[in-house]
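# Analysis of the macromolecular model
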Amino acid sequence: VQLVESGGGLVQPGGSLRLSCATSGFTFSTYYMRWYRQAPGKERELVAGINRAGGGTNYADSVKGRFTISRDNAKNTVYLQMNSLKPEDTAVYYCNAHHWGVDYWGQGTQVTVST
C-alpha cells in the first residue's frame, strides 16, 4: 500500500496550492478519503473528506469556502485545492484512506504560508 502526497511548498498569504495524493496497493474506489494536517506543537486535525463516489464532501470550519477536496477514481488519486491561503494553514498535510476500521496514511507534504 502506498499513498504519496505532492504539491506542497512555500506560498504567500492569499496564494493557492493544489495537493495530490497518488495511491496504489488497495481498491481506491472503495475507500473514504481524507486530508489531515498537523502544525508544529498541535494535534493532527481533519481538514476535508470525500466519499467513495466523490459526491459527498465535508470540511473543517476553518477551511470551508477556501479548500476543495476531489478525487479521480480512474487515477486512484485524491486532491486538495487550497485557495486564499493563510499563515495558520501552515502544516504538514497528510492523505488518509479509510474503510471499515482500516486506515492508510501517506508520509505528508509540507505547506508553508508566509511572506
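Preceding block: the structure.
To start, this report covers the structure provided alongside it. (Residues numbered from 1 in each chain as written. Predicted model: local features only at pLDDT ≥ 70, side-chain atom pairs only at ≥ 80, totals over all residues. Heavy atoms only, no water.)

## Quick notes on the side chain of S20
Along the chain, S20 falls in strand β3 (residues 17-24). With sequence-adjacent residues up to four places away left out, S20 is seen in contact with V4, E5, S6, W35, T77, V78 and Y79. (Helix = DSSP H or I, 4+ residues; strand = E, 2+ residues; numbered from the N terminus. Contact = heavy atoms within 4.5 Å.)

## Notes on the side chain of T77
Positionally, T77 belongs in strand β8 (residues 77-82). Residue T77 is classed as buried on the basis of its relative accessible area, which comes to 8%. Not counting the four nearest positions on each side in its chain, T77 is found in contact with S20, C21, A22, F28, R71 and D72. (Buried < 20%, exposed > 50% of the residue type's maximum accessible area, 1.4 Å probe, protein only.)

## Some points on the packing of aromatic side chains
Considering all chains together, one arrives at five aromatic pairs under this definition. Here the aromatic rings of F26 and Y104 are separated by 5.3 Å at their centres, their planes lie at 45 degrees, and the arrangement is tilted. One end of the pair, F26, is in the loop between β3 and β4 (32-38); the other, Y104, is in strand β10 (residues 102-105), with 78 residues separating them in the sequence. Among the aromatic residues, those joined into a cluster by ring pairs are F26, F28, Y31 and Y104. We note R18 situated over the ring of Y79; from NZ or CZ to the ring centre the distance is 4.0 Å. It is R71 that lies over the ring of F28; its NZ or CZ is 4.4 Å from the centre. (Phe/Tyr/Trp six-rings, centres within 6.5 Å; stacked < 30°, edge-to-face > 60°. Lys NZ or Arg CZ within 6 Å of the ring centre and 35° of its normal.)

## Details of the pattern of salt bridges
Across all of its chains, the model carries four salt bridges by this definition. Ionic pairing is found between R37 and E45, a salt bridge with its closest N-O pair at 2.6 Å. On the accessibility criterion, R37 (6% relative accessible area) is buried. We classify E45 as partly exposed; its relative accessible area is 34%. R37 serves as the salt-bridge partner of D89, at 2.9 Å between the closest nitrogen and oxygen. A residue pair is termed long-range when its members are at least 10 positions apart, and D89 in the loop between β8 and β9 (91-99) and R37 in strand β4 qualify at 52 residues. Neither residue differs from the other here; D89 and R37 are each classed as buried. (Salt bridge = Lys/Arg side-chain N within 4 Å of Asp/Glu carboxyl O.)

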